[in-house]
Amino acid sequence: MFFISFHVCPTARLFRATLARQVDAMLPATYTHAMNARVMILLPAYNEGSRIGTVIAGIRSVFAEADMTVVDDGSGDDTGLQALKAGATVLTLPFNLGYGVALQAGYKHALREGYKYVVQMDADGQHDPGSIPAVLGPVAEDRCDLCIGSRFLEGKSYPIPPGRRLGMAILRRVASRLTGRTVTDPTSGFQAMNRRVLEFYARDSFPVDYPDVDVLVMLHHHGFRVLEVPVTMHPRTSGMSLHSGLKPVYYLFKMGVDIPLNLLRREK
Amino acid sequence: MDVRQKILAATCGISLLLVIIELVRRRKLRVEYAWLWILAGITIAVISVNYQLLVWITKLIGAGFTSSTLFFFGIFFVLALCLQFSVKISRLENQVKNLAQQLALRNARKPGDEPPAE
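J.: Describe the sheet that holds strand β1 (residues 39-45) of chain A, and please don't skip the residues or the numbers.
T.: By way of backbone hydrogen bonds, the strands of a sheet pair with one another, either parallel or antiparallel. Residue and element names in this part refer to chain A. With mixed pairing, the seven strands of this open sheet are ordered in space as β3-β2-β1-β4-β6-β5-β7. The strands lining the two open edges of the sheet, one partner per strand, are β3 (89-92) and β7 (226-230). Neighbour-to-neighbour, the strand axes of the sheet open up by a mean angle of 20°, direction not taken into account. Both strand β5 (residues 146-150) and strand β6 (residues 191-194) contribute to a ladder of three bridges, which runs antiparallel. Among the inter-strand pairings, Leu146 is bridged to a residue of β6, identified as Met193.

J.: Can you break down the interface of chain B and chain A residue by residue, with the values?
T.: At the junction of the two partners, chain B supplies 17 residues and chain A supplies 21 residues. Carbon and sulfur atoms make up 60% of the area that chain B and chain A hide from each other, which totals about 1700 Å². It is Gln101(B), Leu105(B) and Arg109(B) in chain B that bury the most area against chain A; as a group they hold 38% of the surface buried on that side. Linking chain B with chain A are two salt bridges. There are nine residue pairs in polar contact (both at pLDDT 80 or more) connecting chain B and chain A. Here the side of chain B that touches chain A is composed, by residue class, of eight nonpolar, four polar and five charged.

J.: Explain the nonpolar core to me, using residue names and the numbers behind them.
T.: By size, the foremost hydrophobic cluster in this structure holds 42 residues, and its most contacted members are Leu93(A), Tyr107(A), Leu146(A), Met193(A), Tyr201(A), Val213(A) and Leu219(A). The set of elements that each furnish at least two residues to this core consists of β1, α4 (99-113), β5, α6 (162-179), α7 (195-201), α8 (213-221) and α9 (247-264) of chain A together with α4 (66-106) of chain B. For this core, the element with the highest residue contribution is α4(A), accounting for seven residues. Grouped together as the second largest cluster of nonpolar side chains are 32 residues, Phe63(A), Cys147(A), Val229(A) and Met233(A) included.

J.: Tell me what's going on with the packing of α4(A) against α4(B), and back it up with residues and numbers.
T.: Relative to each other, α4(A) and α4(B) sit at 50°, their axes nearing to 10 Å. By the angle between their directions, the pair α4(A) and α4(B) is classed as oblique. In terms of crossing hand, the pair formed by α4(A) and α4(B) is right-handed. In contact with Val101(A), Gln104(A), Ala105(A), Lys108(A), His109(A) and Arg112(A) of α4(A), α4(B) contributes Lys97(B), Asn98(B), Gln101(B), Leu105(B) and Arg106(B). For the contact of α4(A) with α4(B), the class distribution of residues is three nonpolar, four polar and four charged.

J.: Describe the packing of helix α2 (residues 31-49) of chain B against α4(B), listing the residues and the values that go with them.
T.: All names here are of chain B. Two elements in contact, α2 and α4, have axes whose closest approach is 11 Å; the angle formed by their N-to-C orientations is 175°. Put simply, α2 runs roughly antiparallel to α4. Facing Glu32, Tyr33, Trp35, Leu36, Trp37, Ala40 and Ile47 of α2, the residues of α4 in contact are Leu70, Phe77, Leu81, Gln84, Phe85 and Lys88. Residue classes in the contact of α2 with α4 are distributed as ten nonpolar, one polar and two charged.

J.: A description of a nonpolar patch on the surface should follow, citing residues and the corresponding values.
T.: All names here are of chain B. On the surface, a cluster of nonpolar side chains totalling about 680 Å² of accessible area is made up of Trp56, Leu60, Ile61, Phe72, Phe73 and Phe76. Mapped by element, the contributors of at least two residues to the nonpolar patch are α3 (51-61) and α4. On the secondary structure map, Phe76 appears in helix α4. Judged by relative accessible area, Phe76 falls into the exposed class, the value being 52%.

J.: Go over helix α5 (residues 132-140) of chain A, please, and point to the residues and values.
T.: Residue and element names in this part refer to chain A. α5 sits mainly inside the fold: seven of its nine residues count as buried. When we look at burial in α5, the residues that qualify are Ile132, Val135, Leu136, Gly137, Pro138, Val139 and Ala140. One or two residues past the end of α5 sits Asp142, with phi positive at roughly 60°.

J.: Please set out the packing of aromatic side chains residue by residue, giving values where relevant.
T.: What describes a pair of aromatic rings is the distance from one ring centre to the other and the angle between the planes of the rings. This model, assessed by the stated rule, comprises seven aromatic pairs over all chains. Judged by centre distance (5.0 Å) and plane angle (45°), the ring pair of Tyr201(A) and Phe206(A) falls under tilted. Across the pair, exposure class does not vary: Tyr201(A) and Phe206(A) are buried alike. Aromatic pair Phe72(B) and Phe73(B): ring centres 5.1 Å apart, planes at 75°, arrangement edge-to-face. Above the plane of the ring of Tyr115(A) lies Arg38(A), whose end atom (NZ or CZ) is 4.4 Å from the centre.

Definitions and cut-offs
- Residues numbered from 1 in each chain as written.
- Chains lettered and ligands numbered in written order.
- Predicted model: local features only at pLDDT ≥ 70, side-chain atom pairs only at ≥ 80, totals over all residues.
- Heavy atoms only, no water.
- Pairing = 2+ DSSP bridges.
- Helix = DSSP H or I, 4+ residues; strand = E, 2+ residues; numbered from the N terminus.
- Axes fitted to C-alpha atoms, helices over the stretch in contact; angles between N-to-C directions.
- Contact = heavy atoms within 4.5 Å.
- Buried area = accessible area lost by both parts, 1.4 Å probe.
- Salt bridge = Lys/Arg side-chain N within 4 Å of Asp/Glu carboxyl O.
- Polar contact = N/O pair within 3.5 Å; in protein donor to acceptor, adjacent residues only side chain to side chain.
- Nonpolar A, V, L, I, M, F, W, Y, C, P; charged D, E, K, R; others polar.
- Core = buried A, V, L, I, M, F, W, Y, C linked by side-chain atoms within 4.5 Å.
- Buried < 20%, exposed > 50% of the residue type's maximum accessible area, 1.4 Å probe, protein only.
- Parallel < 35°, antiparallel > 145°, perpendicular 65-115°, else oblique.
- Left-handed = near helix turned anticlockwise from the far one by under 90°.
- Patch = residues over 30% accessible without salt bridge, like charges linked within 9 Å, V, L, I, M, F, W, Y side chains within 5 Å.
- Areas by Shrake-Rupley, 256 points an atom, 1.4 Å probe, with all protein chains shown as cover.
- Phe/Tyr/Trp six-rings, centres within 6.5 Å; stacked < 30°, edge-to-face > 60°.
- Lys NZ or Arg CZ within 6 Å of the ring centre and 35° of its normal.

Printed below as a string of structure tokens:
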């Protein structure tokens, strides 16, 4: 372990600072609040045709002027069409490539379109749109680079099966230990981020199969500031969870391999 | 070594080599992958005509039987090949991912756009 540096990487810091200057220079100096800056709501969706319209309408009722981008991850149903009808921009992946690839496509789109902030949410309505300001606020006020909506911080949760709860507990401990701060909900997909994080996420090093705890550790390692805020989440009404069947086992294995390896990697 | 064994092994090695060369000639196999196979073909051919070489290698690595030497190197070769494929597949997967994302970005539909004719 002696050759592993837990210090903040100076290159990443420099990179961040340069990028921040460039981004700020491009934007008018008048904005004071996130609502005035360009915000994109990112919704990766797979076979959510029956719900996506409602979810988009729900977000619009809270955050009327939000630009929404739905990444249709090769759905077999009319997810893309429904999202388009509901007024979202739609990116269609030619075939199903998984949650992480869909997310990353959204990040790349946001970068290309010049959005300053991205709020990513689940397209199945689990994440309450009422919590968007809570998640976006700290990023917009530059108190952090990435803000994660946690369902556990204030007990605004729903019952979770014991098996999953154990897995979550383990990951929580690992994430908290490695990042040196309390992480209560590392698997949350309700996040807000600034362009510095977007740039980082758009790289090939982004683990697209199951981006989560390992990403947090990577971010921490590269000197990004991560914050958690309490949010409201609803249990899934139908459909498949990301973590079903044997996937949790693979998931834990992957985290077990990825996190130590990320600490050993020297990426520019 | 029995003459029949020699003939069988030599035939296998030489036909493997011929198939590989033919595949490369028809551009069905890229030279990039062929080198490992050519190496395998040559090894089989050489060992089949020169049994003493196999005995020498067996002694060198301290194996008990010549057959275990063959199996050891055979399995090791297959493992190495699988690893090479895994590396290649990982790279291809990343490239496919980036391609698919670029395609999605280029074909982004904004609200009000005409729905595509499917």
